[in-house]
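# Remarks on the overall topology
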Amino acid sequence: MQALLAVLLLVGIGAGVAAYHGIFYVTGSQFYEACQQRQAKEKIVGGFQEVEADNPGQAALWASCTPIMGGSMENAGFAIGSSSPQATEDAKALASACPDAAEMPVFPKFWYTVAVDAIEKNGGPSLIDRVAPAGWLIQRAMKARWPRCVDAARPYIAKARKDVTQR
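Attention here is on the structure that accompanies the text.

Reading the values: the criteria
- Residues numbered from 1 in each chain as written.
- Predicted model: local features only at pLDDT ≥ 70, side-chain atom pairs only at ≥ 80, totals over all residues.
- Heavy atoms only, no water.
- Disulfide = S-S within 2.5 Å.
- Helix = DSSP H or I, 4+ residues; strand = E, 2+ residues; numbered from the N terminus.
- Phe/Tyr/Trp six-rings, centres within 6.5 Å; stacked < 30°, edge-to-face > 60°.
- Buried < 20%, exposed > 50% of the residue type's maximum accessible area, 1.4 Å probe, protein only.
- Contact = heavy atoms within 4.5 Å.
- Salt bridge = Lys/Arg side-chain N within 4 Å of Asp/Glu carboxyl O.
- Expected span 1.5 Å × (residues − 1).
- Arc of directions from axis to C-beta.
- Axes fitted to C-alpha atoms, helices over the stretch in contact; angles between N-to-C directions.
- Parallel < 35°, antiparallel > 145°, perpendicular 65-115°, else oblique.
- Nonpolar A, V, L, I, M, F, W, Y, C, P; charged D, E, K, R; others polar.
- 1 Å grid on protein atoms, 1.4 Å probe; cavity = no way out; pocket = protein on both sides within 12 Å on 5 of 7 lines; lining within 4 Å.
- Points joined across faces, edges and corners; volume = space filled by probe spheres on them.

## Some words on the state of the cysteines
- With the rule as written, the count across this model stands at 2 disulfides.
- Disulfide pairing is shown between C98 and C149; the S-S distance is 2.1 Å. Between C98 and C149 the sulfur-sulfur dihedral comes to about 105 degrees; the bridge is accordingly right-handed. Of this pair, C98 sits in the loop between α4 (89-94) and α5 (112-121) while C149 is found in helix α7 (residues 149-165), placing the two residues 51 residues apart along the sequence.
- When the cysteines engaged in disulfides are numbered in sequence order, the protein chain pairs them as 1-2, 3-4.

## With respect to the packing of aromatic side chains
- Scanning the model with the defined rule gives 1 aromatic pair in all.
- For the ring pair F107 and F110, a centre distance of 6.5 Å and an interplane angle of 70 degrees mean the geometry is edge-to-face.
- For F107, a relative accessible area of 42% translates into the label partly exposed.
- According to the relative accessible area criterion, F110 is buried, its value standing at 14%.

## Concerning the environment of W136
- Its place among the elements puts W136 in helix α6 (residues 134-145).
- It is 7.0 Å that separates the C-alpha atoms of W136 and G28, two residues lying 108 residues apart in sequence.

## Here we look at the side chain of Q58
- Position of Q58 among the secondary structure elements: in helix α3 (residues 56-76).
- When its relative accessible area of 12% is taken as the criterion, Q58 is described as buried.
- If we ignore the near neighbours within four places in the chain, the residues touching Q58 are Q37 and A53.

## Looking at the pattern of salt bridges
- All told, the structure shown has 9 salt bridges when counted by the stated rule.
- Among the salt bridges present, the one from K159 reaches D90, with a minimum N-O distance of 3.0 Å. Of this pair, K159 sits in helix α7 while D90 sits in helix α4; the two residues are 69 residues apart in sequence, bridging distant segments of the chain.
- We classify K159 as partly exposed; its relative accessible area is 41%.
- Judged by relative accessible area, D90 falls into the partly exposed class, the value being 27%.

## A short note on α6
- Here α6 is 12 residues long and its end C-alpha atoms lie 17 Å apart, about the 16 Å a rise of 1.5 Å per residue gives.
- All of the buried residues in α6 are A134, G135, L137, I138, A141 and M142. Looking down the long axis of α6, one finds its buried residues gathered within 160 degrees of arc, a one-sided arrangement.
- Packed against the buried residues of α6 are α2 (28-45), α3 and α5.

## Here we look at the packing of α5 against α6
- α6 packs onto α5 with a crossing angle of 75 degrees between their chain directions and a minimal axis gap of 8 Å. What the angle tells us is that α5 and α6 run roughly perpendicular. For the pair α5 and α6, the contacting residues are V114, A115, A118 and I119 in the first and L137, I138, A141, M142 and R145 in the second.
- Here the residues of the contact of α5 with α6 are counted per class, giving 8 nonpolar, no polar and 1 charged.

## Observations regarding the layout of surface pockets
- One number sums up the size of the largest pocket: a volume of about 250 Å³.
- If you trace the largest pocket, you find it lined by G70, M73, E74, G77, F78, A79, I80, V150, R154, I157, A158 and R161.
- Elements represented by at least two residues in the lining of the largest pocket include exactly α3 and α7.
- Here the element with the most residues in the lining of the largest pocket is α7; it accounts for 5 residues.
- The residue inventory of the lining of the largest pocket, partitioned by class, reads 7 nonpolar, 2 polar and 3 charged.

And the structure:
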């Protein structure tokens with residue numbers, strides 16, 4: 001019985017260390033640190049020039065910045081509104097509670113910067129973000145920035161899904 005407990009303890013410690021180092025997934029801290037570095041380098045280089053990572057690991061993390069952010073927002077139920085005069089009524093209704101298209105970078109590949117800025121304004125990653133998936137940190141920061149968005153977006157997302165399935 002003691003041997004079984006010792007083995008379980010070792011496996012648990014090993015899994016914890018692996019999670020801390022991001023073996024299973026990109027952790028919140030990894031996302032924030034890598035994407036903040038990318039953002040800083042893009043500010044130095046300029047918006048229309050591709051930035052180059054210093055190593056393959058960094059390149060892989062940088063390439064995942066926008067997909068992780070987009071997936072996290074979608075999984076949480078966020079939507080993007082628009083206060084533009086040309087926007088649909090649904091988009092205008094969301095603009096006050098959700099990210100406004102005017103706040104988002106023009107090119108979607110830079111949308112990760114919205115998450116990095118929200119995380120920074122929310123105090124940065126916490127201790128749990130060293131082992132928790134990046135989506136948790138992103139969702140927490142985005143909900144702090146736009147606390148009413150998920151509830152406001154729910155009927156519009158349902159409507160959009162219904163429209164798509166009827167085609």
